[in-house]
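Observations on the model geometry
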Amino acid sequence: MKAKIGDTIIVEGAHVGDHRRIGVIIAVPHEDGSPPYTVRWEDDQHEGLLYPGPDTHIKSDN
């Protein structure tokens with residue numbers, strides 16, 4: 001998975017009843033765009049470090 005600052009990251013709910021989380025990538029520490037990413041989540045504006053799993057995809061801001 002590769003990303004850049006400003007991309008939208010979407011984490012699908014892994015279990016029934018889990019909700020989708022959507023955030024904006026605000027920091028990418030590796031030049032090649034590989035994880036982890038610092039994300040600001042839309043729902044609560046919390047910022048945190050994310051190691052994306054298989055239920056995660058990126059929507060590029062291109």
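Here goes a summary of the coordinates provided.

Criteria and cut-off values
Residues numbered from 1 in each chain as written. Predicted model: local features only at pLDDT ≥ 70, side-chain atom pairs only at ≥ 80, totals over all residues. Heavy atoms only, no water. Core = buried A, V, L, I, M, F, W, Y, C linked by side-chain atoms within 4.5 Å. Buried < 20%, exposed > 50% of the residue type's maximum accessible area, 1.4 Å probe, protein only. Helix = DSSP H or I, 4+ residues; strand = E, 2+ residues; numbered from the N terminus. Contact = heavy atoms within 4.5 Å. Salt bridge = Lys/Arg side-chain N within 4 Å of Asp/Glu carboxyl O. Phe/Tyr/Trp six-rings, centres within 6.5 Å; stacked < 30°, edge-to-face > 60°. Lys NZ or Arg CZ within 6 Å of the ring centre and 35° of its normal. Polar contact = N/O pair within 3.5 Å; in protein donor to acceptor, adjacent residues only side chain to side chain.

**As for the nonpolar core**
In terms of nonpolar packing, the biggest core is built from nine residues, these being Ala3, Ile9, Val11, Ile25, Val28, Tyr37, Val39, Trp41 and Leu50. For this core, the secondary structure elements donating two or more residues are β1 (8-11) and β3 (37-41). Top contributing element to this core by residue count: β3, with three residues. If we skip the residues at most four places from it in the chain, valine 39 touches Ile9, Gly23, Val24, Ile25, Ile26, His46, Glu47, Gly48 and Leu50.

**Comments concerning the pattern of salt bridges**
Under the criterion given, the structure shown has six salt bridges. Note that aspartate 32 and lysine 2 form a salt bridge whose closest N and O atoms lie 3.5 Å from each other. Separated by 30 residues along the polypeptide, aspartate 32 in the loop between β2 (21-27) and β3 and lysine 2 in the segment before β1 bring together distant segments of the chain. Residue class for lysine 2 comes out exposed when judged on its relative accessible area of 51%. In this structure, aspartate 44 engages arginine 21 in a salt bridge whose closest nitrogen and oxygen atoms are separated by 3.7 Å. Here arginine 21 lies in strand β2 and aspartate 44 lies in the loop between β3 and β4 (47-50), a separation of 23 residues in the sequence.

**Considering the packing of aromatic side chains**
Within the structure shown, the criterion is met by zero aromatic pairs. Seen from the ring of tryptophan 41, arginine 21 lies directly overhead, with NZ or CZ sitting 4.3 Å from the centre.

**Overview of the environment of arginine 20**
Inspection of the secondary structure assignment puts arginine 20 in the loop between β1 and β2. Distance from arginine 20 to isoleucine 10, taken between C-alpha atoms, is 7.0 Å for residues ten residues apart in sequence. Not counting residues up to four positions away in its chain, the partners in contact with arginine 20 are Ile10, Val11, Glu12 and Gly13. Of the polar contacts made by the side chain of arginine 20, one reaches the side chain of glutamate 12; its length is 3.1 Å.

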